[in-house]
Amino acid sequence: MFLAMKELMHSKTRFLMIIIIFVLIAWLVFILSGLGNGLSTLAASTFKTMKADYVIFEEGSQSSMSKSLLSDQLMAEVELLPNVSAAAPMGSTMATALKEHSIKNEEKLDIAIIGINPGSFLEPAVVEGESLSSANPTGVVVNSTMKDEGYNIGDTFQLDGTTESLTIIGFVENQTYNHVASVFTPMAEWRKITFAAPGSDKGVAGPVNAIMLQGKDIDPNVMNNMLTSTDTVTRTAAVQGMPGYKEENGTILMMLAFLLAISAFVLGVFFYVITMQKTNQFGIMKAIGASNRFLSKSIVSQVFVLSLTSIVVGILLTYGTAAIMPKGMPFKLETSLVVTYSVILLIIAMLSSMISVRKITKIDPLKALGRVE
């Protein structure tokens, strides 16, 4: 470490350039991870935060709410099945909110209507106002992001293209679905909105999109055998089944993978070139008794210090960037993600240094000094 720090202090400009490049790589990795996590949260936070373990869909629906239609009469049978501690119906449909007495297109807002039974385990905690009530079927609780669009408790809005009007009675946080704000409504009102057209419920009694389950050690295959025309999946699988979710996350992960691969190549080349430039120096040190182990530890220590410094600076820049990003930007930086990608970047840098270490071990002192013809 002593030798490593001495050289870092002596060749400041050279190593500063490496730090700048590594900082930019780390910064971009953290920005992309935060963007990917933000998009993922925006797409499915309602599903992710629900206190459900499994989901029952209609058979052949590919774990998609929009393709599934079940009867809530199935609930009585489901609650009696082994390992099921609770069950609750859920429905979802996309809609457009239009402020009462407003006809301007710019005042329309895309929302997701989520139908649940008031008081069930699917109902999110209200941070302001009142909870859902069956006695007030048109009263809804909405995601707090609707405040930014000028909606407040007591406001009534109409659903564009329908005669239905809903009144906001409470706000919840971190509840979005398909990249728009979630609006939670009693199941009866959700059915009126979703199946307003005659025959759209396909004759199903008490139609719902899915039945959410709580319970441990539930075997989806056993559930499918015991219930006809159903498909039981884990909540994680249900999230993956949301339209465009896998593709969106796959794109971000592919970009991150390419960026990490490129960073490994770039860092490896930089350290290798620096090592080649110091071949004579290493030859002299070997000639006066320095071991391969000593020189290798010096290189690894240098890379560790450079990498750790760059990653810390990259993290600080990322949090600074997050602080000035527009409020509507789908960016969510979690500590676990920062730690994970920091470790990955550090490992990549250390592995890249192994190329230089291998080169050092093969240096012949006499050849490096030009004494062998």
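Before reading on, note that the structure itself is shown above.
Note that the structure is a prediction, hence the values are computed from the model and not measured.

Here's the deal with a nonpolar patch on the surface
Consideration 1: A contiguous nonpolar surface patch, about 540 Å² in accessible area, is contributed by F265, V269, Y272, V273, M276 and I355.
Consideration 2: Ranked by residue count, the leading element in the nonpolar patch is helix α7 (residues 245-277), at five residues.
Consideration 3: Along the chain, V269 falls in helix α7.
Consideration 4: Given a relative accessible area of 39%, V269 falls into the partly exposed group.

What about the pattern of salt bridges?
Consideration 1: For the structure on display, the rule yields six salt bridges.
Consideration 2: The salt bridge partner of K147 is E128, with a shortest N-O separation of 2.5 Å. Note that K147 is positioned in the loop between β6 (139-143) and β7 (156-159) and E128 in strand β5 (residues 128-129), a separation of 19 residues in sequence.
Consideration 3: For K147, a relative accessible area of 36% puts it in the partly exposed group.
Consideration 4: E128 sits in the partly exposed class, given a relative accessible area of 34%.
Consideration 5: The salt bridge involving K332 is made with E334; its shortest N-O contact spans 3.8 Å.
Consideration 6: Among the residues examined, E334 registers a relative accessible area of 29% and is labelled partly exposed.
Consideration 7: Among the charged side chains, a network of salt bridges with common partners joins E164, E189 and K192.

Some words on the packing of aromatic side chains
Consideration 1: Applying the stated criterion across every chain, the model contains three aromatic pairs.
Consideration 2: Judged by centre distance (5.8 Å) and plane angle (90°), the ring pair of Y151 and F157 falls under edge-to-face.
Consideration 3: For F157, a relative accessible area of 0% translates into the label buried.
Consideration 4: Geometrically, the ring pair formed by W190 and F195 is edge-to-face, given 5.5 Å between the ring centres and 90° between the ring planes.
Consideration 5: Against the face of Y151 rests K99, its NZ or CZ located 5.1 Å from the ring centre.

Examining the side chain of T232
Consideration 1: Following the sequence through the fold, T232 ends up in strand β13 (residues 230-234).
Consideration 2: Of the residues examined, T232 reaches a relative accessible area of 3% and is grouped as buried.
Consideration 3: The contacts of T232, once residues within four sequence positions are left out, are Y54, V55, I56, P220, M223 and N224.

Thoughts on the nonpolar core
Consideration 1: Ranked by size, the top nonpolar core spans 36 residues in total, and within it I111, I113, M146, F157, V183, I211 and L213 carry the most contacts.
Consideration 2: Ignoring anything within four residues of it in the chain, the contact list for V183 reads I111, A112, I113, I114, V140, V141, V142, M146, F157 and L166.
Consideration 3: The next biggest cluster of nonpolar side chains, apart from the first, holds 35 residues, and it includes L260, V303, Y341 and I348.

Side note on unusual backbone geometry
Consideration 1: With phi around 60°, D217 is a residue other than glycine that occupies positive phi space.
Consideration 2: Taking the relative accessible area as the measure of exposure, D217 reaches 69% and is therefore exposed.
Consideration 3: Unlike most non-glycine residues, S229 shows phi in positive territory, near 55°.
Consideration 4: By the secondary structure assignment, S229 is in the loop between α5 (220-226) and β13.
Consideration 5: According to the relative accessible area criterion, S229 is partly exposed, its value standing at 48%.

About the cut-offs
Residues numbered from 1 in each chain as written. Predicted model: local features only at pLDDT ≥ 70, side-chain atom pairs only at ≥ 80, totals over all residues. Heavy atoms only, no water. Patch = residues over 30% accessible without salt bridge, like charges linked within 9 Å, V, L, I, M, F, W, Y side chains within 5 Å. Areas by Shrake-Rupley, 256 points an atom, 1.4 Å probe, with all protein chains shown as cover. Salt bridge = Lys/Arg side-chain N within 4 Å of Asp/Glu carboxyl O. Helix = DSSP H or I, 4+ residues; strand = E, 2+ residues; numbered from the N terminus. Buried < 20%, exposed > 50% of the residue type's maximum accessible area, 1.4 Å probe, protein only. Phe/Tyr/Trp six-rings, centres within 6.5 Å; stacked < 30°, edge-to-face > 60°. Lys NZ or Arg CZ within 6 Å of the ring centre and 35° of its normal. Contact = heavy atoms within 4.5 Å. Core = buried A, V, L, I, M, F, W, Y, C linked by side-chain atoms within 4.5 Å.

Shape is all these values report; function is a separate question.
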